[in-house]
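The primary structure of each chain is shown beneath.
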Amino acid sequence: MSSPRPSSLLGFLALVGTIIGAGVFGVPLVFARMGIVMGSIVFWGAALLMMTAHLLFIEVIARDHARRRLPGYVGRVLGKSVGWVAVASHAFHLTGVNLAYLILGGQFLAVLLAPLSPGMTVLSWQIVFWVMGAISAFAGLRLIAKIEAVITWIFLTVLLIITMAAFVQSSVMPSLELGTFSWQGIGVFLFALSGVTIIPEVHELTNKRIRITRAIVMAASFATAMLIWLFGIGISMAANGRDLSSVTAIASVLPPSVAWLVPVFGLFAVASSFFITSYDLRAMYRYDLKLSVTLTWILAAGIPLGLLLFTTRDFFATIDIVGGVFNGFSIVLVSIAAWAVMRREKQAPPFWWRAIAPFLTAVAFALLMLQRLFR
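Residues numbered from 1 in each chain as written. Predicted model: local features only at pLDDT ≥ 70, side-chain atom pairs only at ≥ 80, totals over all residues. Heavy atoms only, no water.

> Just checking my understanding: could you explain the overall build of the protein for this structure?
Secondary structure assignment for the protein yields 16 helices and zero strands. Taken over C-alpha atoms, the radius of gyration comes to 20 Å for the protein, in line with the 21 Å a tight globule of 375 residues would show. When the backbone C-alpha atoms are referred to their principal axes, the protein occupies close to 60 × 50 × 45 Å. Within the span of the protein, comprising 375 residues, buried residues form 57% of the whole. By sequence separation, contacts in the protein at least 24 residues apart represent 85% of the contacts at least 6 residues apart. For the protein, the distance from the average site of its 25 positive side-chain charges to the average site of its 12 negative ones is 9 Å. (Helix = DSSP H or I, 4+ residues; strand = E, 2+ residues; numbered from the N terminus. Rg over C-alpha atoms; globule rule 2.2 N^0.38 Å. Buried < 20%, exposed > 50% of the residue type's maximum accessible area, 1.4 Å probe, protein only. Contact = heavy atoms within 4.5 Å. Lys, Arg positive; Asp, Glu negative; His and termini not counted. Charge placed at Lys NZ, Arg CZ, Asp CG, Glu CD.)

> Just to check I follow, could you spell out a nonpolar patch on the surface for this structure?
A cluster of nonpolar side chains, Phe351, Trp352, Ile356, Phe359, Leu360, Val363 and Leu367, forms an exposed patch at the surface whose accessible area comes to about 750 Å². The topology assignment puts valine 363 in helix 16 (residues 351–373). (Patch = residues over 30% accessible without salt bridge, like charges linked within 9 Å, V, L, I, M, F, W, Y side chains within 5 Å. Areas by Shrake-Rupley, 256 points an atom, 1.4 Å probe, with all protein chains shown as cover. Salt bridge = Lys/Arg side-chain N within 4 Å of Asp/Glu carboxyl O.)

> Explanation requested: the environment of arginine 242 in the structure shown.
With respect to the element layout, arginine 242 can be found in the loop between helix 10 (210–239) and helix 11 (247–252). Arginine 242 sits in the partly exposed class, given a relative accessible area of 45%. Residues arginine 242 and isoleucine 356, spaced 114 residues apart in sequence, show a C-alpha to C-alpha distance of 42 Å. Those residues in contact with arginine 242 that sit more than four places away from it in its chain are Ser252 and Val253. A distance of 3.0 Å separates a polar side-chain atom of arginine 242 from the backbone oxygen of alanine 238. Within the structure, the side chain of arginine 242 is placed 3.0 Å from the backbone oxygen of alanine 239, a separation counted as a polar contact. (Polar contact = N/O pair within 3.5 Å; in protein donor to acceptor, adjacent residues only side chain to side chain.)

> It is not clear to me how the nonpolar core should be interpreted in this structure. Could you clarify?
For soluble globular proteins, nonpolar side chains are generally found buried alongside one another. Core analysis: the biggest nonpolar cluster contains 116 residues, and Ile20, Ile162, Leu254 and Phe265 have the highest contact counts within it. Tallying contributions element by element places helix 3 (residues 36–62) first for this core, with 15 residues. When neighbours within four sequence positions are excluded, leucine 254 is seen to be in contact with Ile162, Ala165, Ala166, Ile235, Ala259 and Val262. The next biggest cluster of nonpolar side chains, apart from the first, holds seven residues, and it includes Leu281, Met284, Tyr285 and Ala300. (Core = buried A, V, L, I, M, F, W, Y, C linked by side-chain atoms within 4.5 Å.)

> Quick question: what am I supposed to make of unusual backbone geometry here?
For residues other than glycine, phi is negative in most cases, and the peptide bonds are mostly trans. Within the chain, lysine 208 stands out as a residue other than glycine whose phi angle is a positive 60°. Its location among the elements puts lysine 208 in the loop between helix 9 (199–205) and helix 10. For lysine 290, which is not glycine, the phi torsion reads 60° and is therefore positive. As for its placement among the helices and strands, lysine 290 is situated in the loop between helix 13 (261–288) and helix 14 (293–310).

> Just checking my understanding: could you explain the packing of helix 2 (residues 27–34) against helix 10 for this structure?
For any two helices packed against each other, one specifies the inter-axial angle together with the distance between the axes. Interhelical geometry of helix 2 versus helix 10 gives an angle of 60° and a closest axis separation of 8 Å. Accordingly, the angle class assigned to the pair helix 2 and helix 10 is oblique. For the pair helix 2 and helix 10, the crossing hand works out as right-handed. Taking contact as the criterion, the partners of Val27, Pro28, Phe31 and Ala32 in helix 2 are, on helix 10, Ile228, Trp229, Phe231, Gly232, Ile233, Ile235 and Ser236. Of the residues belonging to the contact of helix 2 with helix 10, the class tally is nine nonpolar, two polar and no charged. (Axes fitted to C-alpha atoms, helices over the stretch in contact; angles between N-to-C directions. Parallel < 35°, antiparallel > 145°, perpendicular 65-115°, else oblique. Left-handed = near helix turned anticlockwise from the far one by under 90°. Nonpolar A, V, L, I, M, F, W, Y, C, P; charged D, E, K, R; others polar.)

> Sorry, what's going on with the packing of helix 5 (residues 80–113) against helix 13 here?
Between helix 5 and helix 13, the shortest axis-to-axis distance is 9 Å and the interhelical angle comes to 155°. The orientation of helix 5 with respect to helix 13, classified from their angle, is roughly antiparallel. Here helix 5 runs over helix 13; the crossing is left-handed.

> Sorry if this is basic, but what is going on with helix 8 (residues 183–193) here?
In terms of burial, helix 8 is a largely internal element, nine of the eleven residues being buried. The N-capping residue of helix 8, defined by a side-chain oxygen 3.2 Å from the backbone nitrogen of glycine 185, is serine 182.

> What should I look at first to understand the packing of aromatic side chains in this one?
To describe a pair of aromatic rings, one takes the distance between the centres and the angle between the planes. Per the counting criterion, the structure on display carries 15 aromatic pairs. Taken together, a centroid distance of 6.2 Å and an interplanar angle of 40° make the contact between phenylalanine 31 and phenylalanine 43 tilted. Taken together, the residues phenylalanine 31 in helix 2 and phenylalanine 43 in helix 3 connect sequence positions twelve residues apart. The residues phenylalanine 31 and phenylalanine 43 share a single accessibility class, namely buried. (Phe/Tyr/Trp six-rings, centres within 6.5 Å; stacked < 30°, edge-to-face > 60°.)

> I tried to follow the environment of arginine 354 on my own but got confused; where do I start?
With respect to the helices and strands, arginine 354 occurs in helix 16. You can call arginine 354 partly exposed: its relative accessible area is 25%. For the pair formed by arginine 354 and glutamate 59, sequence separation is 295 residues and the distance between their alpha carbons is 9.5 Å. Excluding residues within four positions of it along the chain, arginine 354 makes contact with Trp339, Met342, Ala348 and Pro349.

As structure tokens, then:
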């Protein structure tokens, strides 16, 4: 059911809070490997692609009055068979996202609370984070949006402080050499910039007014891209060649007066995104597959925990695969669905938007997905 009153601010903050999550902490490492120039070119190309994907998803959602998730919208447009493929892809995507959040969220808890319990391992703290997330999974959309709004204001402030401190800490000018291209970096960037899971909620929070939803999505996508870009180049410049492959390493390039904010910001960012992703995963099982409330909770919470316990818990590799493969496949389906619904209308949108934009977006994500699968 739609919110009784439109809330553009809650929609904006929900999208910002979803996008700025675990993926932010992989961005500095990509800039360090690619270089500032090449990294910036690839980053803004990925940002444009992801914003286009968000807007194309709105075209699909706005033409369907039922309450669904991404697989449900795709299945209604492209057929049940494709819908089932979308269910599998979206489930893998969201489960992988939550696995990444568990990996990093537990690391943040370990950094912050290890002095209180020196005998606990990082895995133990990751399980603690899972328990907190599993309990929050019972919250509804409106409550989640309000919590998201509060958390988002906090971590946006902290992110700006960390970014400014990183630029102040940097003692060298960035190299103007082109740098080295990396396919793996694109997957990390796309993971860091994706907010597709929350787009249906943003549309609900605006009382399904498509023009307002479009404006919110464009503003939030651009604002978060700018913040993430500044964070990435600021930390990479401050590192000056030092390792950036862990939370501790990122904090070590900052002055001690600011370094402690890194795990605090990270915990808020990861927790807020985890809440939203868990909601979306449960909603897919509930509204698209018509499963019981109890079973949706077990699947949404239990599968990421199982992966956490029986995988290598490599954060960087996880977000690369999730961003480049599973997220990419879902966006390909969304792009095709958007093309299908727009071309059927008598007063169709301009040709460049109804045909060229979906085609280019689908091809770009398909190529990236194939590259990550057959590299």
